[in-house]
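# Architecture at a glance
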Amino acid sequence: MGTVSAEEPTRTGVLYRTVRVDGLNIFYREAGPRDAPTILLLHGLPSSSRMFEPLLARLSDRFHLVAPDYPGFGHSDWPDPGKFAYTFDNLARIIDHFTAAVGIPRYGLYMQDYGGPVGFRLAMAHPERVRGLIIQNAVAHDVGLGPAWATRRAYWADRAAHEAALRANLLSLEAARTRHVGGDPNPERYDPDLWTDEYAFLTKPGQAQIQADLFYDYRSNVASYPKWQAWLRETRPRLLVLWGKYDRSFTIEEPEAYRRDVPGAAVHVLDGGHFALDTAADRIAALVAEFMGSSRSAPQGYRAIGPGVPRMICDSCSCHPNRP
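Notes on the structure in this doc start here.

Reading guide: rules and limits
- Residues numbered from 1 in each chain as written.
- Predicted model: local features only at pLDDT ≥ 70, side-chain atom pairs only at ≥ 80, totals over all residues.
- Heavy atoms only, no water.
- Helix = DSSP H or I, 4+ residues; strand = E, 2+ residues; numbered from the N terminus.
- Buried < 20%, exposed > 50% of the residue type's maximum accessible area, 1.4 Å probe, protein only.
- Contact = heavy atoms within 4.5 Å.
- Areas by Shrake-Rupley, 256 points an atom, 1.4 Å probe, with all protein chains shown as cover.
- Core = buried A, V, L, I, M, F, W, Y, C linked by side-chain atoms within 4.5 Å.
- Pairing = 2+ DSSP bridges.
- 1 Å grid on protein atoms, 1.4 Å probe; cavity = no way out; pocket = protein on both sides within 12 Å on 5 of 7 lines; lining within 4 Å.
- Points joined across faces, edges and corners; volume = space filled by probe spheres on them.
- Nonpolar A, V, L, I, M, F, W, Y, C, P; charged D, E, K, R; others polar.
- Arc of directions from axis to C-beta.
- Phe/Tyr/Trp six-rings, centres within 6.5 Å; stacked < 30°, edge-to-face > 60°.
- Lys NZ or Arg CZ within 6 Å of the ring centre and 35° of its normal.
- Salt bridge = Lys/Arg side-chain N within 4 Å of Asp/Glu carboxyl O.

## A closer look at the overall build of the protein
Scanning the protein from N- to C-terminus turns up 11 helices and nine strands. Across the 324 residues that make up the protein, the buried fraction comes to 56%. A sequence separation of at least 24 residues applies to 74% of the contacts in the protein between residues at least 6 apart. Total accessible area on the protein stands at roughly 12600 Å², and carbon and sulfur atoms take up 52% of it.

## Some thoughts on the nonpolar core
Among the nonpolar cores identified, the biggest contains 63 residues, and Leu40, Leu109, Phe120, Leu133 and Tyr218 are the most heavily contacted of them. Ranked by residues supplied to this core, first place goes to helix H2 (residues 88-102) with eight residues. Those residues in contact with phenylalanine 120 that lie beyond four places of it in its chain are Met111, Leu133, Ile135, Ala140, Trp228, Trp231, Leu232 and Tyr258. In terms of nonpolar packing, the next biggest core, distinct from the first, is built from 29 residues, Leu41, Phe52, Leu55 and Leu56 among them.

## A look at the pairing of strand E1 (residues 14-21)
Burial of E1 is one-sided: the residues Leu15, Arg17, Val19 and Val21 facing one way are buried, the residues Val14, Tyr16, Thr18 and Arg20 facing the other way are not. Sheet topology places E1 next to strand E2 (residues 24-31); eight bridges connect them, and they run antiparallel. Each residue of the ladder has a partner; that of arginine 17, found in E2, is tyrosine 28.

## A few points about the layout of surface pockets
Empty space among the atoms can be located by rolling a probe the size of a water molecule over them. Taken as a whole, the largest pocket holds about 480 Å³ of empty space. Around the largest pocket, the lining is made up of 21 residues, and of these Ser47, Ser48, Arg50, Asp197 and Glu198 lie nearest the centre. Every element with two or more residues in the lining of the largest pocket is listed here: helix H7 (193-202) and helix H11 (277-294). Residues of the lining of the largest pocket, tallied by class, amount to nine nonpolar, five polar and seven charged.

## What to know about unusual backbone geometry
Of note, the amide linkage connecting leucine 45 to proline 46 takes the cis form, showing an omega dihedral of -10°. Here proline 46 is to be found in the loop between strand E3 (38-42) and helix H1 (53-59). At aspartate 22, a residue that is not glycine, the phi angle is positive and equals roughly 50°. Among the structural elements, aspartate 22 can be located in the loop between E1 and E2.

## Regarding H7
The complete set of buried residues in H7 reads Trp195, Glu198, Phe201 and Leu202. All buried residues of H7 project into a common sector of 115° when viewed along the axis, lining one side. As for H7, its buried residues are in contact with helix H5 (159-171), helix H6 (173-181) and helix H8 (207-216).

## Concerning the packing of aromatic side chains
The tally for this structure, following the rule as stated, stands at 21 aromatic pairs. Pairing tyrosine 70 with phenylalanine 73 gives two aromatic rings, centres 5.5 Å apart and planes at 90°, and the pair type is edge-to-face. In this pair, the class of tyrosine 70 matches that of phenylalanine 73, namely buried. The ring of tryptophan 195 has arginine 177 lying over it, and the distance from NZ or CZ to the ring centre is 5.5 Å. In this structure, arginine 238 packs its charged tip against the face of phenylalanine 291, placed 4.2 Å from the ring centre.

## Description of the pattern of salt bridges
Enumeration according to the criterion identifies 19 salt bridges in this entry. Note that aspartate 197 is salt-bridged to arginine 50, the shortest N-O span being 3.0 Å. In this pair, aspartate 197 sits in helix H7 while arginine 50 sits in the loop between E3 and H1, placing the two residues 147 residues apart along the sequence. According to the relative accessible area criterion, aspartate 197 is partly exposed, its value standing at 32%. Among the ionic pairs, aspartate 89 bridges to arginine 121, the shortest N-O distance being 2.7 Å. You can see aspartate 89 sitting in helix H2 and its partner arginine 121 sitting in helix H3 (residues 115-125), a full 32 residues away along the chain. Assessed through its relative accessible area of 52%, aspartate 89 is described here as exposed.

## Concerning the side chain of asparagine 221
For asparagine 221, the position within the fold is in helix H9 (residues 218-235). We classify asparagine 221 as buried; its relative accessible area is 0%. Beyond its immediate chain neighbours, meaning those up to four positions away, asparagine 221 contacts Phe88, Pro117, Arg121 and Trp228.

## Observations regarding empty space enclosed by the protein
The tally for this structure, following the rule as stated, stands at one cavity of 30 Å³ or more. By volume, the largest cavity is sized at about 100 Å³. Lining of the largest cavity is provided by Leu45, Asp113, Tyr114, Trp149, Arg152, Leu170, Arg179, Phe215, Tyr218, Ser249, Phe250 and His274. Of the residues that constitute the lining of the largest cavity, the class distribution is seven nonpolar, two polar and three charged.

## Quick look at the environment of proline 81
Along the polypeptide, proline 81 turns up in the loop between strand E4 (64-68) and H2. Overall, the relative accessible area of 27% leaves proline 81 in the partly exposed class. C-alpha of proline 81 to C-alpha of glutamine 207: the two residues are 126 residues apart in sequence and 9.8 Å apart in space. Beyond its immediate chain neighbours, meaning those up to four positions away, proline 81 contacts Tyr86, Gln209, Ile210 and Asp213.

Structural measurements only, silent on function.
Following this line, the structure appears as structure tokens:
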């Protein structure tokens, strides 16, 4: 496990760093003062820490932000699948050891897409380290998996018979575009570089096998949903749910499922897609700042949320009486 230099991130600039973790070079972005509350930003498929640049630009004056790339993603090492098992248990283990290597003993967890299964593993293993959970289009309930998951479930049942269909469903250029634009009626709001850059990454040598292997292990996450739900109900963590309503991978029923598990959760439905930071970065930054700012006086680790009025706020309309 490696160590990092003592150079302090600036309040507005981003440092692009690499640290050695369990024999792998793990790349990460870091911004903001180290004496501020830390937010550990966990990315999704097929993105990398790059997806969090909008938050790094907006929050580094108030928070310490750390965004790693998983093994097999972005600028981290891509070990051969024959020598490194691409499973979510292994990704969580690497990120757990990464937090020790870069010296962040406590943090808020921002979990998007694949960041959900990585983050839940971290939080359940070390609840005392976590100031709160910020879940953005990441699923912990079967109801959150949309129609696209029929092909994916077939792949889990018979990998050999369905791998070609899975790769088209998950790794094609059209799939990359759909992850960003989804059902948004205003596709002109999206920079096409978002998905063409991701597709270029997916077509590099070795990537298809890495991503197919990791997605085959996604079935372990679905099997863990009941355990994650029970943990949420029992511990009642501080919870902020941010949901891009145009997401075609994960359904709009999922945020409400989180609210049933944690009745005190703040839930915001946003005018965005699976990667809601594409179009709602200002709003997300404001909500994260409010949530993390309120956690500064919270006791060590998780605290139980007392009874209160649950909030389900749609940011794109005025239908809810509690909308700010």
